[in-house]
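# Inside the fold
Below, each chain spelled out in residue letters.
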Amino acid sequence: MGEWTWSYEGYDPAEERLREALCTLGNGYFATRGAAPETVAGPHHYPGTYAAGCYNRLHSAVAGRKVANEDMVNLPNWLPLRFRLGDGGAWFTPDDGSLLEHRQDLDLRHATLARTFRLRDPRGRILAVEQTRLVHMHDPHLAALRTVFRAEGGWAADLEVESALDGDVCNAGVARYRDLNGRHLTRMHTGTSEPDTVWLRCRTTTSDIRIALAARTRATTGPAASRSLETGERTVVHRLTVPVRPDRPAVVEKTVALHTSRDPAISDPLHAALDRVERAPDFAGLLDSHSAAWERLWRRAGLDVPGEAGRILRLHAFHVLQTLSPHSAELDVGVPARGLHGEAYRGHVFWDELFVLPYLDLHFPEVSRSLLEYRHRRLEEACRAAEQAGYAGAMYPWQSGSDGREETQTLHLNPRSGRWLPDHTRLQHHVGSAVAYNIWRYGQATGDTEFLYTKGAEMLLQIARFWASSATWDPQCDGTGRYRIRGVVGPDEYHDAYPGCATPGVDDNAYTNVTAAWVLTRAVHLWRMLPAPRREELSERTGLGAEETDRWEDVSRKLYVPRHAGVISQFAGYDELDELDWAGYRSRYGDIRRLDRILEAEGDSVNRYQASKQADVLMLGYLFPPTELRGLFERLGYGLDEGTWRSTVDYYLRRTSHGSTLSKVVHAWVLARAHRADAWSYAQEALLGDVTDLQGGTTGEGIHLGAMAGTLDLVQRGLTGLEAREDALWLDPAPLPQLSRFALTVRYRGHWGVRIHVDATHVSITVPASDAAPVRVHLDGRTWSIPPGRFRLLDLPAR
């Protein structure tokens, strides 16, 4: 493999779903999995195409109940293109035993998937095939597939090619969802447009989104010997016969346009798709404009890391940009936790934006702003949810989809035991803190006060209002009285109740309480810095005033953070839980990442044990630099010296099963400063999480977008200590011995290309000559002003 190429040699059915996910191509508007065009959904293959924000709700019977699920819809499949030699033989499939060679190459620089293979038919004839596909980055409604057929060994024959649009699809890509209703498409119609175009239109059953695809298929090496167009109820087919000669390969190009009724500036999706595909250039022309668009993206993505780590990081950046490109800024979409790469988590939006937006802020701030506006459009729904739960302010859902209502199910399936169990993860109210955190960090990185003082302020203030209303005063707590937040689930996710307690939730989750205190502090600060007219306008709309913000100030200083044995407790009573026999369970099961499922299948509960699925308390070290975290604890009236933090890190390292791909990212980040010698092993696992499918089959259901973006940000901010605050770039580099030399280019406020280069002993800063103003940089207690066209070399403090 090269630096810009991700390759798979040979054909392995057991690996196909993983490869299909990792070879997905997309442009932020829609994406298509890397399935072979001649395959259909089955045990080894799962073609899937998903448009950002295209959801539909269906009802299913589960465990004697009727439940509703909203899913990101698997759209009609535009890929189908199969072939056979023209003597009436069988259509080729990669599973029919005819393959001699097979190779896939994902070109990250140009965002194309190339597939080359050779096959031998029953008569001994060898056919070489080259296929290249793209999902167009310049025009987000287009995709294309080019296939070249070559006869080897002096034979000649006619080749039958069948190009189709297939609407006979459903959502069936995740095994544990297959008992649920997955038929999202209805009112299917197909048709043709002479001489070489077929079309398909349909709509979703509940959300009533109209979807249209048009496909143009042409033989480009000469006229096809024959062609026919055939419409069916759910499929439309274009058949053509092309000659294959020893000295003249046959070339077939398929160009597809996709539109939905969610698109702006169209009158009808079908008319738009037909018009667009008719005007589309040939494959070479599409490739030129597509490659140019990706070249512009890569210039802005700017992260240069040598070696294998850099190659994987480039793959991660590629998938982030395919899911959330500048085209996303024109859409009403959030951050789908599994990208546009599969159906896991039903395409829902969780808190994963907490790991994604910090990277985007410094490269594609217009995309960050759009993703925050997705949350703002759903602020009214979040306020309604809080009111219905008996709170004030905005209570954002743990899982969000089309309209911002809570999409988290009340039941979930344990595939190990086959039982449907209560799902209390909707109590993860800390998702609101993630939204607030991203609002503030975006404002610091971009200086976009127009957003921060309007939509951003409205969200942040309503989230603060929710936390203040959630906090209740306990005069006995901590000896002097404290505010407490009860009945929540923390990032850990394993602990959703106390042992033997019928009421769900735990009390005083440390991460929840500390981030709530941070939100309240920032909200008070923002309220006071707002221009007076804006403050008056917000006060009139929300009833917010000095008396309420004074209470926020009080709560922000008196929230309870439980502790025991010299460490921060994950939640009140955590230390009273039993210790788990970690060695015993590892010996019996090997992989214990999903310890909750293992214990439930045994008739036990993880609620009984000091065991975490993923980083919880240690998330505080991910969000806040050491000085800021100490300041937060001091504001709350607690000390947090380096020894206490290190002891806390050690304590939870021994009690975490890492059942989430996000966990390794957080641990690598925290250990880079707390236990530098151990950080690299966690960083490696974070890098390899999807590439090698460490979770055991989950990547085939969709990549883990938060973990991928988190590894990018681990280098960008974690190892540099990069912060944008107080009108300066603050640096506190902590390069690892195994990753001691790297560079990044960031867009900071009005500066379009500040270059930061780090190695083991120094950091250099370059400001583009085209910039209009100097950049202020703070490092090791000193501040420098670096003018445009200059670079500054700064020595790193000894560690």
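Residues numbered from 1 in each chain as written. Predicted model: local features only at pLDDT ≥ 70, side-chain atom pairs only at ≥ 80, totals over all residues. Heavy atoms only, no water.

## Regarding the overall build of the chain
This is how it is decided: Counting from the N terminus, the helices are the DSSP runs of H or I reaching at least four residues and the strands are the DSSP runs of E reaching at least two. Note that the radius of gyration is over C-alpha atoms, with the globule rule given as 2.2 Å times the number of residues to the power 0.38. When a residue's accessible area, from a 1.4 Å probe over protein chains only, is under 20% of the maximum for its type it is buried; when over 50% it is exposed; and in between it is partly exposed. Here, residues are in contact when the closest pair of their heavy atoms is within 4.5 Å. Note on areas: Shrake-Rupley, 1.4 Å probe, and residue coverage restricted to the protein chains presented here. Counting rule for charge: Lys and Arg are taken as positive, Asp and Glu as negative, and neither His nor the chain ends is counted. Note on charges: their place is set at NZ of Lys, CZ of Arg, CG of Asp or CD of Glu.
Helices and strands together make up the secondary structure of the chain, namely 20 helices and 33 strands. Computed over its C-alpha atoms, the radius of gyration of the chain comes to 27 Å, within 12% of the 28 Å expected for a compact globule of 799 residues. Over its C-alpha atoms, taken along the principal directions, the chain stretches across nearly 90 × 70 × 60 Å. For the chain, buried positions account for 62% of its 799 residues. In the chain, 68% of the contacts between residues at least 6 apart in sequence involve partners at least 24 apart. In the form shown here, the chain has an accessible surface area of approximately 29200 Å², with 47% of it arising from carbon and sulfur atoms. With 93 positive and 104 negative side-chain charges, the chain shows a separation of 1 Å between the mean positions of the two kinds.

## Some points on the sheet that holds strand E10 (residues 126-135)
What counts here: Think of it this way: DSSP has to see at least two bridges between two strands before they count as a pair. Orientation is described by lines fitted to C-alpha atoms, with helices fitted over the stretch in contact, and by angles between N-to-C directions that extend from 0 to 180 degrees.
Within the open sheet, the nine strands sit side by side as E1-E8-E9-E10-E11-E18-E15-E14-E13. Their pairing is antiparallel. A single partner strand is all that each edge strand has here, and the edge strands are strand E1 (5-9) and strand E13 (185-193). Across the sheet, the mean angle from the axis of one strand to that of its neighbour is 15°, orientation sign disregarded. Across nine bridges, strand E15 (residues 210-219) lies against strand E18 (residues 250-260) in antiparallel orientation. Bridging from a neighbouring strand, Thr217 pairs with Lys254 of E18. Contacting strand E9 (112-120), E10, strand E11 (142-152) and E18, helix H3 (residues 283-301) runs over the sheet at an angle of about 45° to E10. Along the sheet face, helix H4 (residues 307-323) touches E1 and strand E8 (99-107) and points at about 100° away from the line of E1.

## Points about the packing of helix H8 (residues 431-446) against helix H10 (residues 510-529)
Worth spelling out the cut-off: Angle categories are assigned with fixed cut-offs, so that under 35 degrees is roughly parallel, over 145 is roughly antiparallel, 65 to 115 is roughly perpendicular, and the rest are oblique. Left-handed describes a crossing whose near helix is turned anticlockwise from the far helix through less than a right angle; right-handed describes the clockwise counterpart. Classes in brief: Ala, Val, Leu, Ile, Met, Phe, Trp, Tyr, Cys and Pro nonpolar; Asp, Glu, Lys and Arg charged; the others, Gly included, polar.
Contact geometry for H8 and H10: axes closest at 10 Å, N-to-C directions at 45°. Relative to H10, the element H8 lies oblique. Relative to H10, H8 is oriented so that their crossing is left-handed. Contacts from Ser433, Ala436, Tyr437 and Trp440 of H8 reach H10 at Thr515, Ala516, Trp518, Val519, Arg522, His525, Leu526 and Met529. Looking at the contact of H8 with H10 residue by residue, the class counts come to eight nonpolar, three polar and one charged.

## Points about helix H6 (residues 365-377)
So the rule is basically this: An expected span of 1.5 Å times one less than the residue number is assigned to each helix.
With 13 residues, H6 should cover 18 Å at 1.5 Å per step; its first-to-last C-alpha distance of 18 Å lies within 8% of that length. With ten of its 13 residues buried, H6 lies for the most part within the structure. Within the sequence span of H6, burial applies to Pro365, Val367, Ser368, Ser370, Leu371, Leu372, Glu373, Tyr374, Arg375 and His376. Looking at the buried residues of H6, the elements they touch are H3, helix H5 (353-361), helix H7 (379-388), H8, helix H9 (449-470) and strand E28 (742-748).

## Some remarks on the state of the cysteines
Spelled out, the test is: The definition used for a disulfide is geometric: two cysteine sulfur atoms within 2.5 Å.
A full pass over the atoms with the stated rule returns zero disulfides. In this model Cys202 remains outside any disulfide bridge; the closest cysteine sulfur is found in Cys54, 8.8 Å from its own.

## Considering the environment of Gly573
You can see Gly573 is positioned in the loop between strand E25 (567-568) and helix H13 (582-589). A relative accessible area of 22% means that Gly573 is categorised as partly exposed. Linking Gly573 and Asp507, residues 66 residues apart in sequence, is a C-alpha distance of 8.3 Å.

## Section: the pattern of salt bridges
Applicable threshold: When a carboxyl oxygen of Asp or Glu lies within 4 Å of a side-chain nitrogen of Lys or Arg, that pair is called a salt bridge.
Under the definition given, this model contains 71 salt bridges. With a closest N to O distance of 2.7 Å, Asp508 and Arg484 form a salt bridge. Remark: Arg484 occurs in strand E23 (residues 482-484) and Asp508 occurs in the loop between E23 and H10; sequence separation between them is 24 residues. Looking at Asp508, the relative accessible area reads 0%, which means it is buried.

## So, the nonpolar core
Note on soluble globular proteins: their nonpolar side chains tend to be buried together. Basically, it comes down to this: Buried Ala, Val, Leu, Ile, Met, Phe, Trp, Tyr and Cys residues form a nonpolar core when they are joined through side-chain atoms within 4.5 Å.
Counting 224 residues, the largest nonpolar core has Trp78, Phe83, Phe149, Trp351, Leu559 and Met619 as its most contacted members. Excluding anything up to four places from it in sequence, Met619 contacts Trp351, Leu354, Phe355, Tyr511 and Val666. Among the nonpolar cores identified, the runner-up in size contains 13 residues, and Leu134, Ala273, Ala280 and Leu286 belong to it.

## Here's the deal with the side chain of His376
Its place among the elements puts His376 in helix H6. Given a relative accessible area of 19%, His376 falls into the buried group. Apart from residues no more than four positions distant in its own chain, His376 is found in contact with Tyr396, Lys455, Glu458 and Met459.

## Notes on the side chain of Asp474
How we decide: Here a polar contact is taken to be a pair of N or O atoms separated by no more than 3.5 Å, where protein atoms must pair a possible hydrogen donor with a possible acceptor and residues adjacent in sequence count only if both atoms sit in side chains.
Note on placement: Asp474 falls in strand E22 (residues 472-474). Residue Asp474 is classed as buried on the basis of its relative accessible area, which comes to 15%. Within polar-contact distance, the side chain of Asp474 engages the backbone nitrogen of Gln476 at 3.0 Å. Polar side-chain contacts of Asp474 include one of 3.2 Å to the side chain of Arg484. Look past the residues within four positions of Asp474 in its chain and what remains in contact with it is Gly481, Arg482, Arg484 and Arg486.

## Quick word on the sheet that holds strand E26 (residues 723-725)
If you walk across this open sheet you meet the four strands as E26-E27-E31-E32, and the pairing is mixed. Looking at strand neighbours, the two that pair on one side only are E26 and strand E32 (782-786), the edges of this open sheet. Across the sheet, the mean angle separating the axes of adjacent strands is 30° when strand polarity is ignored. Alignment of E26 against strand E27 (residues 728-731), held across three bridges, turns out to be antiparallel. Note that in E27 the partner of Glu723 across the bridge is Trp730.

## Quick look at the packing of helix H17 (residues 642-653) against helix H18 (residues 661-674)
At a minimum axis separation of 11 Å, H17 and H18 run at an interaxial angle of 140°. With respect to each other, H17 and H18 are oriented oblique. Remark: the crossing between H17 and H18 carries left-handed chirality. Residues Trp645, Arg646, Val649 and Leu653 of H17 touch H18, and the partners they reach there are His667, Val670, Leu671, Arg673 and Ala674. For the contact of H17 with H18, a count of residues per class yields six nonpolar, one polar and two charged.

## Focus on the packing of aromatic side chains
Here is the rule we go by: The pairing test for Phe, Tyr and Trp rings, Trp by its six-membered ring, is centres within 6.5 Å, and the orientation test on the planes gives stacked under 30 degrees, edge-to-face over 60, and tilted for anything in between.
All told, the structure shown has 27 aromatic pairs when counted by the stated rule. Judged by centre distance (5.7 Å) and plane angle (85°), the rings of Phe350 and Trp398 are edge-to-face. Highlighted residues: Phe350 in the loop between H4 and H5 and Trp398 in the loop between H7 and strand E20 (411-414), separated in sequence by 48 residues. With relative accessibility at 8%, the residue Phe350 sits in the buried group. Ring centres of Trp351 and Trp398 lie 6.1 Å apart, and the angle between their planes is 45°; this geometry places the pair in the tilted category. Taken together, the residues span a long stretch of sequence, with Trp351 in the loop between H4 and H5 and Trp398 in the loop between H7 and E20 at a distance of 47 residues.

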